Amino acid sequence: MSEVIHTSGRRKRAIARATLKPGSGDVRINNVPYQLLQPKLARMKIEEALLLAGDVIKKVDIKVNVKGGGFNSQAEAARTAISKALVAFEPKLKEVFLEYDRNFLVNDVRYKETKKPGTHGRARAKRQKSYR
């Protein structure tokens, strides 16, 4: 299998685009090796997908480009993009990812609720009434 695979993952405002091609196991997020990612929580979320994939990682190089959102949303978007690419490369991994956590292959559709008028910066909290 010598083709390039492009996938994407989304979480809130973060969008990740992953490119997978045969290689030696190099995984980079925004041109930085994933082992150097900070904070550690974001790195662990991404490592989760790589650990579940097992030896398949050693056969491919993955480059991920992530924009928007916060560090946590970016990590989850990157994790989804990487998982989708690995499943396209090795279809047997689909069952493994789905059994562990569905969000590896399915984007989380929850977004921040939009602000309403008269709510001083929040979605639902209104100005309090006193009636006195």
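In the block above lies the structure referred to throughout.
Keep in mind that what you see is a predicted model, and the values were worked out from it rather than measured.

A.B. asks: Can you walk me through the overall build of the protein chain in this structure?
C.D. replies: Each helix and strand in the protein chain was counted, giving 3 helices and 5 strands. With the C-alpha coordinates aligned to their principal axes, the bounding extent of the protein chain is approximately 75 × 30 × 25 Å. Counting every position in the protein chain, which comprises 132 residues, the buried fraction comes to 36%. In the protein chain, the share of contacts with a sequence separation of at least 24, taken over all contacts with a separation of at least 6, comes to 65%. For the protein chain, the separation between the mean place of its 29 positive charges and that of its 13 negative charges on side chains is 15 Å.

A.B. asks: Any chance you could explain the pairing of strand β5 (residues 60–67) here in plain terms?
C.D. replies: The two faces of β5 differ: Val60, Ile62, Val64 and Val66 on one face are buried, but Asp61, Lys63, Asn65 and Lys67 on the other face are not. Across 8 bridges, strand β2 (residues 14–22) lies against β5 in antiparallel orientation. From the neighbouring strand, alanine 16 faces β5, where its bridge partner is valine 66.

A.B. asks: Just to check I follow, could you spell out the pairing of strand β1 (residues 5–11) for this structure?
C.D. replies: Every regular strand shows the same layout, with side chains that alternate between the two sheet faces. By the alternation rule, side chains of β1 split into Ile5, Thr7, Gly9 and Arg11, which are all buried, and His6, Ser8 and Arg10, of which none is buried. Bridge analysis of β1 against β2 gives 7 bridges, and the strand direction is antiparallel. Bridge assignment links arginine 11 to a residue of β2, and that residue is alanine 14. Hairpin connection between β1 and β2: a loop of 2 residues separates the two successive antiparallel strands, and lysine 12 in this loop has a positive phi of roughly 50 degrees.

Scoring rules and cut-offs
- Residues numbered from 1 in each chain as written.
- Predicted model: local features only at pLDDT ≥ 70, side-chain atom pairs only at ≥ 80, totals over all residues.
- Heavy atoms only, no water.
- Helix = DSSP H or I, 4+ residues; strand = E, 2+ residues; numbered from the N terminus.
- Buried < 20%, exposed > 50% of the residue type's maximum accessible area, 1.4 Å probe, protein only.
- Contact = heavy atoms within 4.5 Å.
- Lys, Arg positive; Asp, Glu negative; His and termini not counted.
- Charge placed at Lys NZ, Arg CZ, Asp CG, Glu CD.
- Pairing = 2+ DSSP bridges.

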